[in-house]
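Inside the fold
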Amino acid sequence: MSDRADYVPPKVWTWNKENGGRFANINRPVAGATHEKELPVGRHPLQLYSLATPNGVKVTVMLEELLASGHSGAEYDAWLIRIGEGDQFGSGFVAVNPNSKIPALLDRSGPTPIRVFESGAILLYLAEKFGAFLPTEAGARAECLSWLFWQMGSAPYLGGGLGHFYAYAPTKIEYAIDRFAMEVKRQLDVLDRRLAENEYVAGSEYTIADMAIWPWYGGLVKGWLYEAGEFLSVQDYRHVQRWANAIGERPAVRRGRKVNRVSGELSDQLHERHDASDFETSTQDILAAQK
Ligand SMILES: N[C@@H](CCC(=O)N[C@@H](CS)C(=O)NCC(=O)O)C(=O)O
């Protein structure tokens, strides 16, 4: 890999496996399965294959919110996909998501299982299936979907752009960090102005737009992402802070954050979720029992 400022791309790009990046062992320029591996299937209608990254948390929060509001059909099994170990390239996972990224959902409640991938599509699918967290009035629905898609379009600048170059890249490239820091601060300002005038992102109702945006921008202002809080002066976004705190206190959100989590405090990790009672037994207890 060249670290030189005068790097000139060759005529044809070739894959350098050892580029030194944080994800060098899992990134590849081709799609498809690398190995045969069936996915496990539990007893509930919904099977989630995921990990508690911001994209994964969107879906576990939605499922916990649905259950909390009485939609018992939203009972789910959450299976852990360890992306650092390449589980997303197993044949079973690729059959549910040809893009090999978490989260992926299989709805087995009907005669033919339905697969859904892309976290935004999963949120919309569940909102429509249960008639919840998505306004029905045309204007409010359009506002909600606009912010949902805003998140899907914006997050790659935060994660793939700022997060990658600020926290993960093997060399700190000022141009890349500057470019993405500027864009992320602009996005935070977009949200701050919106939340100055509205309780929730889509208006007066808590919706799937909040669930999509909170794990990313809420996590960022709470200092959970990339240790970039001070760097981005996140305390300045007062309205985003107010909203992030309010959502973070919701019991369903607290539960949803724990599911498929493999980092942080052990008491905050629930590697797999198969029953509501699983939250009473933390992974810490399970590991202690296995000793
Ligand atoms: N646009 C996708 C992005 C999903 C995504 O990037 N997932 C990451 C974890 S947050 C992943 O599975 N990475 C594994 C890999 O890149 O191999 C979504 O929102 O579902």
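As the structure is a prediction and not an experimental result, all values here were calculated from the model. (Residues numbered from 1 in each chain as written. Predicted model: local features only at pLDDT ≥ 70, side-chain atom pairs only at ≥ 80, totals over all residues.)

Here's the deal with the packing of helix 1 (residues 54-68) against helix 6 (residues 208-221)
Cut-off, in case you're wondering: A fitted line through C-alpha atoms represents every axis, and for helices the fit uses only the stretch in contact; the resulting angles, taken between N-to-C directions, go from 0 to 180 degrees. Elements are defined by DSSP. Helices are runs of H or I of four residues or more, strands are runs of E of two residues or more, and each kind is numbered from the N terminus. Between 65 and 115 degrees an angle is taken as roughly perpendicular, under 35 as roughly parallel, over 145 as roughly antiparallel, and anywhere else as oblique. By definition, turning the near helix anticlockwise from the far helix through less than a right angle yields a left-handed crossing, and turning it clockwise yields a right-handed one. Whether two residues are in contact depends on their C-beta atoms, placed from the backbone: they are in contact if these lie within 7 Å.
Where helix 1 meets helix 6, the axes come as close as 9 Å, and the angle between the chain directions of the two elements is 140 degrees. As summarised for this structure, helix 1 and helix 6 are arranged oblique, according to the angle between their axes. In this structure, helix 1 meets helix 6 at a crossing whose hand is right-handed. On the side of helix 1, the interface is formed by Pro-54, Val-57, Lys-58, Val-61 and Met-62, while helix 6 contributes Ile-208, Met-211, Ala-212, Pro-215, Trp-216 and Gly-219.

A word on the site of the ligand
Note the following rule: Here is the check we use: build the C-beta atom from the backbone, and if it is within 6 Å of the molecule or strand, call the residue near. Asp, Glu, Lys and Arg are counted as charged, while Ala, Val, Leu, Ile, Met, Phe, Trp, Tyr, Cys and Pro are counted as nonpolar; the rest, among them Gly, fall into the polar class.
Taken together, the residues surrounding the ligand are Ile-26, Thr-53, Asn-55, Ile-83, Gln-88, Ser-100, Lys-101, Ile-102, Pro-103, Glu-118 and Ser-119. Counted by class, the shell around the ligand contains four nonpolar, five polar and two charged residues.

Brief notes about the packing of helix 5 (residues 174-197) against helix 7 (residues 238-248)
Interhelical geometry of helix 5 versus helix 7 gives an angle of 75 degrees and a closest axis separation of 7 Å. Looking at the two axes, helix 5 sits roughly perpendicular to helix 7. Across the interface between the two elements, Leu-188, Leu-191, Asp-192, Leu-195 and Ala-196 of helix 5 pack against His-239, Val-240 and Trp-243 of helix 7. Across the contact of helix 5 with helix 7, the residue classes tally to six nonpolar, one polar and one charged.

Some remarks on the sheet that holds strand 3 (residues 104-107)
Quick note on the threshold: Pairs of strands are assigned from DSSP output, requiring at least two bridges between the strands.
Overall, mixed pairing links the four strands, which are arranged 2-1-3-4 in an open sheet. This sheet does not close on itself; its edge strands, each paired only once, are strand 2 (76-80) and strand 4 (114-117). Shown here is a sheet whose adjacent strand axes are inclined to one another by a mean of 20 degrees, direction ignored. Strands in contact with helix 1 are strand 1 (46-50), strand 2 and strand 3; relative to strand 1, the strand with the most contacts, it is inclined by about 155 degrees.

A look at the UniProt feature "domain: GST C-terminal" (unreviewed entry) in the protein
Here is the rule we go by: UniProt positions are given in the numbering used here, feature names are shortened, and annotations may be inferred rather than shown by experiment.
Mapped onto this numbering, the UniProt entry gives "domain: GST C-terminal" (unreviewed entry) at residues 137-266. Secondary structure content for residues 137-266 is 68% helix and 0% strand, while the C-alpha to C-alpha distance between its ends is 43 Å.

Re the UniProt feature "domain: GST N-terminal" (unreviewed entry) in the protein
Annotation from UniProt places "domain: GST N-terminal" (unreviewed entry) at residues 47-134. Split by type, residues 47-134 is 38% helix and 19% strand. Its first and last C-alpha atoms lie 22 Å apart.

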